[in-house]
Amino acid sequence: MKGREQKLPVVILSRTNYGEADLIITFLSREHGKMSGLAKHGRKSRKRFGNIFSSPALVELTFTSAPGRDLVYLERGDILKSFEVPAGEIKALALVGYGLELVDGLTAPGDQAPEIFDLLAWFLERLAPVEKMMEEAFIFQVRLLKAAGFGPSLARCGVCGREVSDMDSPALSPALGGLACRPCAPSGFPVPHGSLKLMALIQSLDLGKVGRARVSARVIEEVQPFLRAYITYILNRELKSVRFMDQALGKGVI
């Protein structure tokens, strides 16, 4: 027996082929967080779903749920706003895939996620113009980690408690969840004070103002190795999209 019908704005995170024509869709909404649903004949039914599963977009998805079922039943969907990736921009396409997979990996099913939903929409809207997409991707990662409950500590050493202002050579350690002085974490990633201050600023600003943060290529180069290692540590695996991203942007750029 089906439950009541619901209609929500969502972002599609992933799709998996199921059977000959069906799809398993994972999506994110502000109200219910991450959910998964079955789209019967989803690979063929243009009337019910159009192309909502094939391009990044804000989608109005109608679905019903059945008691005791993990998957909801997807009835139909319409695009509310398409996040256009510039034609031929393989770098932007790679960042879209990375961003969607990262949100999928850092969110748990059923947890309300208004901040993460808004952040993901913010990120997808800013992949054009492509000139600033590396800056936006950096901001997105730092903000997403905090919103998902994994924001790296930036104020004091996770071992001895020394404050960052008292450190000559601060470092970031994935295993310690953030800041550490070099004697406490000799294998940590060295990050200058200026980059740490920028990360703290990005964590604290309202989403409407965070785009004002000026992220240089040097800051990305200094911090990104830690971010990649930290995300891999949290998830206990490397994201599948990383290989494609390395091919499109250059290894380790993001």
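Summary of the structure given here.

Locating S29 in the fold gives a position in strand β2 (residues 22-29). Using a relative accessible area of 0% as the deciding quantity, one classes S29 as buried. Here the side chain of S29 touches H32 through a polar contact of 3.0 Å, landing on its backbone nitrogen. Excluding residues that lie within four positions of it along the chain, S29 makes contacts with L8, P9, V10, A113 and F117.

It is worth spelling out the sheet that holds strand β5 (residues 72-82) at this point. As summarised here, the arrangement of the five strands in space is β1-β2-β3-β5-β4, forming a closed barrel in which the pairing is mixed. With direction set aside, neighbouring strand axes in the sheet form an average angle of 50°. The pairing of β2 with strand β3 (residues 33-39) spans seven bridges and is antiparallel. Bridge pairing in β3 places S29 opposite G33. Relative to the sheet, helix α2 (residues 90-106) contacts β1 (5-18), β2 and β3, its axis offset from that of β1 by approximately 105°. Relative to β1, helix α3 (residues 114-125) is tilted by about 65°, and along the sheet it contacts β1, β2, β4 (57-64) and β5.

The rules behind each value
Residues numbered from 1 in each chain as written. Predicted model: local features only at pLDDT ≥ 70, side-chain atom pairs only at ≥ 80, totals over all residues. Heavy atoms only, no water. Helix = DSSP H or I, 4+ residues; strand = E, 2+ residues; numbered from the N terminus. Buried < 20%, exposed > 50% of the residue type's maximum accessible area, 1.4 Å probe, protein only. Polar contact = N/O pair within 3.5 Å; in protein donor to acceptor, adjacent residues only side chain to side chain. Contact = heavy atoms within 4.5 Å. Pairing = 2+ DSSP bridges. Axes fitted to C-alpha atoms, helices over the stretch in contact; angles between N-to-C directions.

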